[in-house]
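Fold and geometry: a report
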Amino acid sequence: MGARELAKKIVDRVIRAIIHGVLLYFLVYRIPLILLSSLEEGIAGEMAFGGPDPRTMITYMAIIVIFYAVAIQLTRDTVLEHVFSVGKDLTLIFFFIYSMGGGVMEIDIPGITGFPLPLKLTVDLGFLLTMIICVELLGVGRSIMRAIYSLSEEAEEAT
Amino acid sequence: MKTALRALSVAITALWLFIATTTVSAIYSATMISIEGVDVKGYAEEDTVGIMVNITLYNGGFYAITDLVVGSEVFLLLKPTRISASRTEVPSVGPGERSTVSHRMDLSLSELASDEEVIRILVMNDTFLNLTLTISCTYAAIFLARLDTNITWLWGAPMSGLRVGSISWGAGVISVPLSFRNNSPLNYTFWLELLDGSGSPLGSSDRFVIPPGTVFSQDIDITVGGPIPPAEGRLICHMLMGTTEISLEVARIGS
């Protein structure tokens, strides 16, 4: 591969990484924050979450997703692409378990119209969390299969 | 391999879309549920003091609320004991439906009569009680939600601040100075009875009707058919609330 081709490939990867990063920045960070703000204008603004703060969670999620998306695009067509892909899915599994409080979320509500007493809302998200973990594990499997496939193709091309 | 990988990618994308759609629509739907009114009414019947809570619920969301259960428990704070528990079940509130859940919490003195310490506290002491109200349901078939709240309030005793003065003895009659205030919403009749050491009745007083909020302060005479003063005796206060009778020892005589 000549220097010109290599430079073109790198520029192509960087441009792809930037586009992915910017798109995900809006999709995973800006839009959820706007939705959260509109929720906070209502009663949700007075709620106190027992677990991690939703704003912080959106920020962490955005960091994880954008970091891995950029890394995957920069290492495109190499084995590292699949390593980052598996890493993203595994990180997201732990992130979802942490952010959903292990499947049980507790929210303190100061009171609602017609009922002035403080309320404690407990939501069991166990089923949703199980579904997310299963889909992430499918993603891990897909990334491993992709890695095996691309390595076997490379080996075939070499012979 | 390529086809399998593509199929897997399509399946994963479809599953993510399903999860995202379900979650977003469930959250949006949940914001459309409203509690339109909570009507609380107190009542007193015979030996029972209770609260009736009517909750009007409007499900404006897309999913049904199922297995709706309203539960309540009342705890005595002075001696940590559960003194009442009740449960109301509503099978389902469909999308666009309005439902009124009527939940009744009873505190029956006759049901507590087996625990003398608890009944003594409730009859003679204005004490704090704690009510825990729980509403649980399944939403959109996959989310289990529970709403808890609790409130502490002062229980008004039927014989609040009961005091027995020094008992005086006459010819065939003993006189017991008694004072208390009925801070409860219960209307009842009471009388005193003197028992000897073996528990046999020696005599009883007249009956007195005590309406809610009344202060009672009077010397009560008991005609006794035996030696005065008895070597050993117990003064029992009987309370009749409707058809329920509660008996409590209020004083001891002799050794």
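Residues numbered from 1 in each chain as written. Chains lettered and ligands numbered in written order. Predicted model: local features only at pLDDT ≥ 70, side-chain atom pairs only at ≥ 80, totals over all residues. Heavy atoms only, no water.

**Here's the deal with the overall build of chain A**
If you tally the helices and strands in chain A, you get four helices and three strands. Within chain A, the proportion of its 159 residues that are buried is 36%. Sequence-distant contacts, at least 24 apart, represent 65% of the contacts inside chain A between residues at least 6 apart. Carbon together with sulfur atoms contributes 69% to the accessible area of chain A, which is approximately 9,400 Å² in total. (Helix = DSSP H or I, 4+ residues; strand = E, 2+ residues; numbered from the N terminus. Buried < 20%, exposed > 50% of the residue type's maximum accessible area, 1.4 Å probe, protein only. Contact = heavy atoms within 4.5 Å. Areas by Shrake-Rupley, 256 points an atom, 1.4 Å probe, with all protein chains shown as cover.)

**Section: the overall build of chain B**
For chain B, the count of helices and strands is two helices and 16 strands. Against the 2.2 N^0.38 benchmark of 18 Å for 255 residues, chain B shows a C-alpha radius of gyration of 29 Å, more extended than a compact globule. A principal-axis box enclosing the C-alpha atoms of chain B has dimensions of 110 × 35 × 25 Å. Evaluated residue by residue, chain B yields a buried proportion of 45% over its 255 residues. Contacts in chain B between residues far apart in sequence, at least 24 positions, make up 61% of those at least 6 positions apart. Entry remark: accessible area of chain B is about 12,500 Å², with carbon and sulfur atoms responsible for 55%. With 15 positive and 24 negative side-chain charges, chain B shows a separation of 13 Å between the mean positions of the two kinds. (Rg over C-alpha atoms; globule rule 2.2 N^0.38 Å. Lys, Arg positive; Asp, Glu negative; His and termini not counted. Charge placed at Lys NZ, Arg CZ, Asp CG, Glu CD.)

**Examining the pattern of salt bridges**
Residue and element names in this part refer to chain B. According to the stated counting rule, one finds 13 salt bridges over all chains in the structure shown. With a shortest N-O distance of 3.0 Å, R87 and E89 are connected by a salt bridge. With respect to burial, R87 and E89 carry one shared label: exposed. Close ionic contact of R120 with E116 constitutes a salt bridge, the shortest N to O distance being 3.4 Å. Residue R120 and its partner E116 are both found in helix α2 (residues 116–124); the two are separated by four residues, about one turn of the helix. Classification of E116 by relative accessible area gives partly exposed; the value is 43%. Each of the salt bridges in this network shares a partner with another, and the network as a whole consists of K79, D115 and E117. (Salt bridge = Lys/Arg side-chain N within 4 Å of Asp/Glu carboxyl O.)

**Topic: the interface of chain A and chain B**
Taken together, the contact pairs 28 residues of chain A with 24 residues of chain B. Approximately 2,500 Å² of surface area, both sides summed, lies buried where chain A meets chain B, with 77% of it carried by carbon and sulfur atoms. Per-residue buried area on chain A facing chain B is highest for V135, R142 and Y149 of chain A; these three make up 22% of the total on that side. Along the contact surface separating chain A from chain B lie zero salt bridges. At the boundary of chain A with chain B, the tally comes to six residue pairs in polar contact (both at pLDDT 80 or more). A per-element tally of the side of chain A that touches chain B places helix α4 (residues 126–158) of chain A first, with twelve residues. Residue composition of the side of chain A that touches chain B, by class: 19 nonpolar, four polar and five charged. Where strand β3 (residues 119–124) of chain A meets strand β7 (residues 143–155) of chain B, five bridges bridge the pair, whose relative direction is antiparallel. Residue pairing in the sheet places L121 of chain A in a bridge with L147 of chain B of β7 of chain B. (Buried area = accessible area lost by both parts, 1.4 Å probe. Polar contact = N/O pair within 3.5 Å; in protein donor to acceptor, adjacent residues only side chain to side chain. Nonpolar A, V, L, I, M, F, W, Y, C, P; charged D, E, K, R; others polar. Pairing = 2+ DSSP bridges.)

**Remarks on the environment of E249 of chain B**
Residues and elements named next belong to chain B. Here E249 is to be found in strand β16 (residues 244–254). In this structure, the C-alpha to C-alpha distance between E249 and T81, residues 168 residues apart in sequence, is 22 Å. Within polar-contact distance, the side chain of E249 engages the side chain of R234 at 3.2 Å. A polar contact is formed between the side chain of E249 and the side chain of R252, at a distance of 2.9 Å.

**What to know about helix α2 (residues 54–74) of chain A**
The terminal C-alpha atoms of α2 of chain A lie 30 Å apart, and with 21 residues this matches the ideal 30 Å at 1.5 Å per residue to within 8%. Of all the residues in α2 of chain A, the buried ones are P54, M57, I58, A62, I64, V65, I66, Y68, A69, A71, I72 and Q73 of chain A. (Expected span 1.5 Å × (residues − 1).)

**Examining the domain arrangement of chain B**
All names here are of chain B. Assigned domains within chain B: domain 1 (2–155) and domain 2 (160–254). Contact residues are listed per partner, giving 13 residues for domain 1 and 15 residues for domain 2. Between domain 1 and domain 2, roughly 1,300 Å² of surface is buried when both sides are summed, and carbon and sulfur atoms account for 69% of that area. A per-residue breakdown of the area domain 1 buries against domain 2 is headed by E46, V123 and M124, which together make up 41% of the total. Counting across the domain 1 and domain 2 interface gives zero salt bridges. At the boundary of domain 1 and domain 2, one finds four residue pairs in polar contact (both at pLDDT 80 or more). For the side of domain 1 that touches domain 2, the elements supplying multiple residues, two or more each, are β2 (48–59) and α2. Tallying contributions element by element places α2 first for the side of domain 1 that touches domain 2, with five residues. (Domains from an automatic or database assignment.)

**Focus on the packing of aromatic side chains**
Residue and element names in this part refer to chain B. Counted under the stated rule, the structure contains 14 aromatic pairs over all chains. Centroid distance F208 to F216: 5.3 Å. Interplanar angle 70°. Geometry classified as edge-to-face. Ring pairing ties together the aromatic residues F180, F190, F208 and F216, which thus form one cluster. For the cation-ring pair, R207 lies above W191, with the distance from its terminal atom to the ring centre recorded as 3.8 Å. (Phe/Tyr/Trp six-rings, centres within 6.5 Å; stacked < 30°, edge-to-face > 60°. Lys NZ or Arg CZ within 6 Å of the ring centre and 35° of its normal.)

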